[in-house]
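Chain by chain, the residues run as shown.
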Amino acid sequence: MLQTPKVLRWAWVGLVAITVLSLVVAEFTGIPSGVETAVVIAAAAIKARIILVRYMGERSFPAWLRLYFGGWLVVCAATIIGFNFS
Amino acid sequence: MTKNESQLARLCAWAVAPYFILFGIGWGLLGRMIPPYPASMPAEELAQIYRDNASTLRIGFALAAFATTFIFIWTIGLFRVMLATERGGKILSYTVLIGGVLTGVDLMFSCFFWLTAAFRPEQDPALIQLLYDLGWLWLDLAFGVAMLYMIGVGVIALRDTREKPLFPKWLAWIGIWLAMEFLLELIMPYFRSGPFSWSGLFNFWVPFFPPATWMVILSVYMYKAAKRLNEEYESDIPRRVEQMTTD
Amino acid sequence: MGRAPQLANRTTSANHVDPQEISLPGDSGFWMFIAADASLFALLFFQFSRDRSSQSVVFDEGQQHLTVLLGTVNTLVLVTSSWLMASAVRSLHRNAVRTGMRLIAGTAALGLVFAAVKIAEYVLALRSGHTLSTSPFFMYYFVITGIHLVHLMIGVVVLVVVGWRLRVGIRRPSDRTLLECGTVYWHLVDLLWMFIFPMLYLAR
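Note that this is a predicted model, so its numbers are computed, not measured.

Asker: Explain the overall build of chain B residue by residue, including any values.
Answerer: Within chain B, the regular secondary structure consists of 10 helices and 0 strands. Moving toward the C terminus, one meets the helices and strands of chain B in the order α-α-α-α-α-α-α-α-α-α. In terms of principal-axis extent, the alpha carbons of chain B reach across some 80 × 30 × 20 Å. Across chain B, contacts joining residues at least 24 apart in sequence account for 77% of those joining residues at least 6 apart.

Asker: Can you explain the interface of chain A and chain C? Please cite residues and give values.
Answerer: In this assembly, 38 residues from chain A lie in contact with 35 residues from chain C. Where the side of chain A that touches chain C is concerned, the elements lending two or more residues are α1 (5–28), α2 (33–55) and α3 (63–84) of chain A. With 12 residues, α2 of chain A is the single largest residue contributor to the side of chain A that touches chain C. Residue composition of the side of chain A that touches chain C, grouped by class: 26 nonpolar, 9 polar and 3 charged.

Asker: Quick rundown of the packing of helix α5 (residues 69–85) of chain B against helix α10 (residues 201–245) of chain B? Include the residues and the values.
Answerer: Residues and elements named next belong to chain B. Running from amino to carboxyl end, α5 crosses α10 at an angle of 50 degrees, the nearest separation of the two axes being 10 Å. The orientation of α5 relative to α10 falls into the category oblique. Relative to α10, α5 is oriented so that their crossing is left-handed. Here Gly-77, Leu-78, Val-81, Ala-84 and Thr-85 of α5 come into contact with α10, specifically with Met-222, Ala-225, Ala-226 and Leu-229.

Asker: Give a detailed account of unusual backbone geometry, specifying residues and quantitative values.
Answerer: Residues Ile-34 of chain B and Pro-35 of chain B are joined by a peptide bond in cis, for which omega reads -10 degrees. Checked against the element boundaries, Pro-35 of chain B lands in the loop between α2 (16–30) and α3 (43–52). Phi angles above zero are rare outside glycine, and Arg-32 of chain B is one such case at about 60 degrees. Mapped onto the fold, Arg-32 of chain B is located in the loop between α2 and α3. Phi at Asn-95 of chain C takes a positive value of approximately 65 degrees, unusual for a residue other than glycine. With respect to the secondary-structure elements, Asn-95 of chain C resides in the loop between α3 (68–93) and α4 (97–127).

Asker: So, the confidence of the model for chain C: which residues are in play, and what are the values?
Answerer: Any segment with low pLDDT has predicted coordinates that should not be analysed in fine detail. All names here are of chain C. For chain C, per-residue confidence averages 89 on the pLDDT scale, and residues scoring 70 or more make up 87% of the total. Across residues 1–14 the pLDDT falls below 50, and counting only partners more than four positions away or on other chains, this stretch makes 10 contacts in the model. pLDDT under 50 marks residues 23–27. Its contacts with residues more than four places away, or in other chains, come to 10 contacts. Model confidence for the complex: the whole-complex pTM is 0.92, and ipTM, which rates the interface, is 0.95.

Asker: Report on the packing of helix α1 (residues 3–14) of chain B against α10 of chain B, specifying residues and quantitative values.
Answerer: All names here are of chain B. Following both chains from N to C, one finds α1 and α10 inclined at 175 degrees, their axes separated by 9 Å at the closest point. Taken together, the axis directions place α1 and α10 in an arrangement best described as roughly antiparallel. Judged by residue contacts, Lys-3, Ser-6, Ala-9, Arg-10 and Ala-13 of α1 engage Ser-219, Met-222, Tyr-223, Ala-226, Lys-227, Leu-229 and Asn-230 from α10. Grouping the constituent residues of the contact of α1 with α10 by class yields 6 nonpolar, 3 polar and 3 charged.

Asker: Go over the environment of Ala-45 of chain A with me, naming the residues and quoting the values.
Answerer: Residues and elements named next belong to chain A. Assignment of secondary structure puts Ala-45 in helix α2. Classification of Ala-45 as buried rests on a count of 20 C-beta atoms within 10 Å. Contacts of Ala-45, omitting those with residues within four sequence positions, involve Leu-73 and Ala-77.

Asker: For the environment of Ile-187 of chain B, give the residues involved together with the corresponding values.
Answerer: Assignment of secondary structure puts Ile-187 of chain B in the loop between α9 (169–181) and α10. Separated by 16 residues in sequence, Ile-187 of chain B and Asn-203 of chain B place their C-alpha atoms 9.1 Å apart.

Asker: I'd like a description of the arrangement of the chains, backed by residues and values.
Answerer: The interface with the highest contact count, out of 2 pairs of chains in contact, is the one between chains A and C. Spatially, chain A is disjoint from chain B: no contact exists, and the shortest C-alpha separation is 13 Å.

Asker: I'd like to hear about α5 of chain B, residue by residue, with values.
Answerer: Residues and elements named next belong to chain B. Here α5 contains 17 residues, and its C-alpha end-to-end distance of 25 Å stays within 8% of the 24 Å for a straight helix at 1.5 Å per residue. Counting buried positions along α5 gives 12 out of 17 residues, so the element sits mostly inside the fold. Among all positions of α5, only Phe-70, Ile-71, Trp-74, Thr-75, Gly-77, Leu-78, Phe-79, Arg-80, Val-81, Met-82, Ala-84 and Thr-85 are buried. Against the buried residues of α5 lie α1, α2, α4 (54–67), α6 (91–119), α8 (143–158) and α10.

Asker: Which residues make up the nonpolar core, and what values go with them?
Answerer: Ala-48 of chain A, Phe-61, Val-81, Trp-114 and Ala-226 of chain B together with Ile-144 and Phe-195 of chain C are the most contacted members of the largest nonpolar core, which totals 160 residues. With 16 residues, the top contributor of residues to this core is helix α6 (residues 173–202) of chain C. With sequence-adjacent residues up to four places away left out, Phe-195 of chain C is seen in contact with Ala-44, Ala-48 and Cys-76 of chain A together with Phe-45 of chain C.

Asker: Which residues make up α9 of chain B, and what are the values?
Answerer: The terminal C-alpha atoms of α9 of chain B, which comprises 13 residues, lie 18 Å apart, in line with the 18 Å expected from a rise of 1.5 Å per residue. Those residues of α9 of chain B lying buried are Lys-169, Leu-171, Ala-172, Trp-173, Ile-174, Gly-175, Ile-176, Trp-177, Leu-178, Ala-179 and Glu-181 of chain B. At its buried positions, α9 of chain B is contacted by α8 and α10 of chain B together with α1 (30–54) of chain C.

Asker: Lay out the environment of Val-155 of chain B in plain terms, naming residues and giving numbers.
Answerer: Structurally, Val-155 of chain B is set in helix α8. Along the backbone, Val-155 of chain B and Tyr-94 of chain B are 61 residues apart, and their C-alpha atoms lie at a distance of 13 Å.

Criteria and cut-off values
Residues numbered from 1 in each chain as written. Chains lettered and ligands numbered in written order. Predicted model: local features only at pLDDT ≥ 70, side-chain atom pairs only at ≥ 80, totals over all residues. Helix = DSSP H or I, 4+ residues; strand = E, 2+ residues; numbered from the N terminus. Contact = placed C-beta atoms within 7 Å. Nonpolar A, V, L, I, M, F, W, Y, C, P; charged D, E, K, R; others polar. Axes fitted to C-alpha atoms, helices over the stretch in contact; angles between N-to-C directions. Parallel < 35°, antiparallel > 145°, perpendicular 65-115°, else oblique. Left-handed = near helix turned anticlockwise from the far one by under 90°. pLDDT = per-residue confidence, 0-100. Buried ≥ 20, exposed ≤ 12 C-beta atoms within 10 Å, placed from the backbone. Expected span 1.5 Å × (residues − 1). Core = buried A, V, L, I, M, F, W, Y, C linked by C-beta atoms within 7 Å.

If you want it as structure tokens, here you go:
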């Protein structure tokens, strides 16, 4: 499934924006480390999802692979954030 | 594949069973290798374990070394099936043969080091530790030979153009991936503990058990392939007879 | 005049498919490779997080020595490379071969930029006395980014192969498959970095 150039471009804008935002949150604000981790990792999951859907064409993946990647995103984010709070 | 060859190849596929059973009991259970003692264990402690359990360790490693004989049998059958599966030239099939045999050799010889340690465990603990280290460094760092046969099988399977391939593509890709994962063993010598040491998650559990499972699944397909190749051969006889008589 | 003797294992061509005509359906085994790879990294993330939770001081201290700026630059480089690659696929499917080739070359070039920056970071770390064995944090840093870097370098090679094979455009189903697999692999490399970067550099 081919995305239009506009979609591809906006995906890139989103990825760059979220990257910069994460950087700012992590390095230039004083929020507590647990919250900070949650924010940057959630941002990572969102970026990964953008790549998955807009660039990799996740919608046309076989069903099991869509399920797998969906689960993968959740598990990875939850694991990293979860251990940070323990 | 003629009926006789097919039957022998199928027997070779079955060899995976005695291999895993004998090796599992000998190396895993009696040899106390699942999981192995960490490289960080002091020599004194290791030597004491070897002194206390010398009898079971001896029979364990002797049995394990013998069990690898079945890998050779298995590999020969695999090689014959690969020859018939491989499209074009046969170099990859020979790679599978060499890789499989050397993997068996790798496993066999590593057992001799541990067996030697168990043979005379009352000697200097440092020597026991040296033999133990030697066994693991040998076993793990020879991974390249396993890569040869696993990637060989993978590529042959991927290049099979039969409408219904003899080996599923997913099996090929998983085999290739598992073989690549072995490369992590390259950093194993840096660690005496942790997830990248010889007893760790990434250099023991991941490179041993998934590939073992893959080997068993491969054996099932190898068995089925041998059957199908015989059927292909039998159904092709009329055509070849006709060809010979119309020349 | 007799025909050439048949090889013993040749069968009728009726049940063989022309290799050039193979088009892997959506559930081809390559997806298993991708899933296996992603699983390995998930395991690495798990192991890292677990060790960090029990040694947070050591890990946070180690993190101080990383150059976040360089990591950020690399993130932007990789994200841009994914954009270029996705655009390349679009171009090739619409038979704009020259544009497609340029975009693939751009992707590969950015990949090399990433590698250069990463190696520079390694050199900086090593010069400051941090190695695989100096602290658990640096063990994970070098190993995780190292495995990722190897994936990336393989990806660059794959891109070159894809570019070479498709230099006259998409002609056969097997071309389409090669492009799809190569692209998905490259995006996976990017996707993994999306987690690796914040986990190692930012999260504490």
